[in-house]
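Structure at a glance
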Amino acid sequence: LFDYLPFFNNLRYPVKFIFLAVLILSVAAGLGYDYYKKLIEENSPESKQWVLYMLILGFFFMIVFGALSIFNEPLITYLKTTGWGDPKYNEIEVNIFNFKRFLVFSSLFCLGLFFYSKPNFKNSFALVGIIALLVLDMFFAHFNFYQIGDLKQIEPVGENAKFIQSDPDLFRIFVTPKTLKETVEIKENWKGLDIRKEKFMMGLLGNQRILDVNGIAVTRQERWEKMMSLIKTAPAIDSTNLLNMMNVKYVVSTPQITSPDYKLVHSYDPIPQDLNEKEELEKSSIIKIYENQKMLPHAFLVPQCKILNSEDEYKRILESKTFNPEKVVLLDAEPENFSCDNKRLPDNQEWVTMDSYKSNTLELSVNSREERLLFLSDSYFPGWKAYVNGKKTPIHRANYLFRAIVIEPGKHKVRFEYDPFSFKLGLVITLLSILICGITFFKYRIRENI
C-alpha cells in the first residue's frame with residue numbers, strides 16, 4: 001500500500017488506514033440496525049428470519065468462545081511455533097484474549113437484538129442494555145492496559161538520567177539488550193520503579209530530554225527495527241560503526257564493555273582508581289554507563305555516495321566494520337546534480353553546527369568548500385521538508401534509514417521542518433465537516449420554525 005497506493009505514503013503513520021476501515025464498519029452497522037429496527041416495527045415475515053439469525057449467530061459465538069477456552073494453551077503453543085507471536089505481532093495471549101472478548105460481547109449483543117424483537121420485552125430496556133454492552137466493550141478493551149503509579153514516585157529523575165542530563169551536548173544513548181533483560185545489583189532503598197528508571201525503560205522520567213536510540217513508540221518503522229536488529233545481534237558493541245553513525249555518545253550496560261572505543265564514565269557505585277578494583281566493578285552486575293569515543297555528530301558532511309539496489313546489499317555493508325559513514329553515504333538513487341562517481345576527498349575545514357533542535361524543526365549552519373552530502377542521523381519519514389537558505393531541496397533516504405540533502409559549496413543555513421500533507425488534508429476535512437454539520441443543523445432549525 002505504501003509503495004503503490006496513491007497518497008498512502010503521505011500518512012504520518014500508515015496504520016491509520018485501520019481507522020477508515022473501522023469507520024466504514026461502524027456506518028454499515030448503524031445502517032444495519034436501522035434496517036433491523038424497521039423490520040421489527042413492520043412485524044414482517046422477514047423480521048422473524050432475522051431474529052432467528054441473531055439467535056443462531058449469538059449461539060455460534062458462544063460455541064467458538066467455549067472451544068477457545070478449552071483449547072487455549074495448545075492453541076497458544078501452536079501459534080507461537082508458527083510465527084504468529086512477538087515480535088512480529090502482538091503477544092498471542094493478548095490477541096486471543098481480545099478475540100474471546102469480541103465473541104462474548106458479540107454473543108450478548110445478538111441476544112440483546114433478539115430480546116429487542118419480543119413484544120413482551122420493553123424495547124427501551126433492550127436498547128439500554130445494548131448501549132451498555134458497547135460501553136463495557138470499549139472499557140475492557142484498555143482496562144489495566146497501563147499501570148497506575150503515583151506521580152510523586154514517577155516524576156523524580158533517576159541517577160543515570162541525571163548524569164546523562166548533565167551533558168549539554170546533543171547526542172543519543174543506547175541501552176544494551178542484556179541490560180534490559182537481566183537482573184541487576186540495586187541499592188537497598190530501590191524499588192521496581194527505580195530499576196526501570198535506571199534502565200531507561202520508562203517514557204515518563206521527570207520531563208527529561210534524553211534521546212534514546214531504542215525509541216519509545218507505539219508504531220515503529222520496519223526499517224528502524226531492522227537497523228536495531230543489526231546493532232543488537234552484532235558480536236560486540238564495536239563490531240559495526242552504526243552506533244557511531246547514529247550519534248550514540250553513551251551506552252548503558254550491565255555487562256562489561258571491553259572495547260577500547262568505550263570508556264567507563266559512570267556507575268551508582270564510585271569508579272575506583274585502582275585498575276584491579278575497577279575491573280571487578282565492570283564485571284559486576286551493576287548498571288554502568290560507557291562513553292563512546294568514536295561518536296559522530298548529529299549531522300555531518302560526507303564527500304561521496306554509493307547507490308545500492310537491495311536490502312541485502314544494505315545489510316552486508318552496514319553490518320561491516322569497513323563501512324565508514326564519514327566517507328560515503330548509501331543511497332537508493334543518485335541525487336540530481338550530484339554524481340556518486342566523483343572521488344571527492346574529506347576536508348577538515350568544513351563544519352556543521354546545530355543551531356536549534358526541536359521536535360518538529362531543526363536548524364543548522366553549514367560551511368562546505370566543495371559539493372557535499374549533508375547527512376542527518378534522524379529517520380527518513382514522509383512529511384519532513386528541507387530548505388537550504390530558504391529554498392526547498394529534496395531529502396534523500398540515506399544509509400537505509402536516515403536523511404541526506406545535497407549541499408553546494410559555501411556557507412548555508414539549513415532548516416528541516418515536519419510539515420506533512422496529511423495534517424493539512426485532515427484539517428481541511430475537519431473544518432468542512434464542522435461547516436456542513438453547522439449548515440445542516442441551522443437548516444433543520446429554520447425548517448422546524450417554519
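Each remark here, short or long, concerns the structure printed above.
Residues numbered from 1 in each chain as written. Predicted model: local features only at pLDDT ≥ 70, side-chain atom pairs only at ≥ 80, totals over all residues. Heavy atoms only, no water.

Along strand E12 (residues 384-388), 4 of the 5 residues are buried, which leaves the element largely enclosed by surrounding structure. For E12 and strand E16 (residues 410-418), the ladder comprises 5 bridges, and the chain directions are antiparallel. Residue pairing for E16: Ala-386 is matched across the bridge by Phe-416. Here E12 folds back onto strand E13 (residues 391-393) in antiparallel fashion, the turn holding 2 residues, of which Asn-389 has a positive phi close to 55°. (Buried < 20%, exposed > 50% of the residue type's maximum accessible area, 1.4 Å probe, protein only. Helix = DSSP H or I, 4+ residues; strand = E, 2+ residues; numbered from the N terminus. Pairing = 2+ DSSP bridges.)

For the rest of this paragraph, the subject is the nonpolar core. Membership of the largest hydrophobic core comes to 55 residues, with the highest contact counts inside it found for Met-246 and Leu-318. For this core, the leading source of residues is helix H10 (residues 222-232), giving 5 residues. Contact partners of Leu-318, with chain neighbours within four places excluded, come to Met-227, Leu-230, Thr-240, Leu-242, Phe-323, Leu-330, Asn-399 and Tyr-400. Judged by nonpolar contacts, the second largest core, of 15 residues, contains Leu-364, Trp-384, Ile-395 and Phe-416. (Core = buried A, V, L, I, M, F, W, Y, C linked by side-chain atoms within 4.5 Å. Contact = heavy atoms within 4.5 Å.)

One pass over the structure, following the stated rule, counts 14 aromatic pairs. When the centroid spacing of 6.2 Å and the interplanar angle of 50° are considered together, the rings of Tyr-33 and Tyr-116 count as tilted. Taken together, the positions of Tyr-33 in helix H1 (residues 17-42) and Tyr-116 in helix H4 (residues 92-116) put the pair 83 residues apart, joining distant regions of the chain. Among the residues examined, Tyr-116 registers a relative accessible area of 6% and is labelled buried. With a centroid separation of 5.4 Å and 50° between ring planes, the pair formed by Trp-384 and Tyr-418 is classed as tilted. Pair noted here: Trp-384 is in strand E12 and Tyr-418 is in strand E16, with a separation of 34 residues, a long-range link. Among the aromatic residues, those joined into a ring-pair cluster are Phe-60, Phe-61, Phe-99 and Phe-102. Cation over ring: Arg-223 sits above Tyr-400, and NZ or CZ is 4.3 Å from the ring centre. Residue placement shows Arg-403 over the ring face of Trp-384; its charged tip is 4.0 Å from the ring centre. (Phe/Tyr/Trp six-rings, centres within 6.5 Å; stacked < 30°, edge-to-face > 60°. Lys NZ or Arg CZ within 6 Å of the ring centre and 35° of its normal.)

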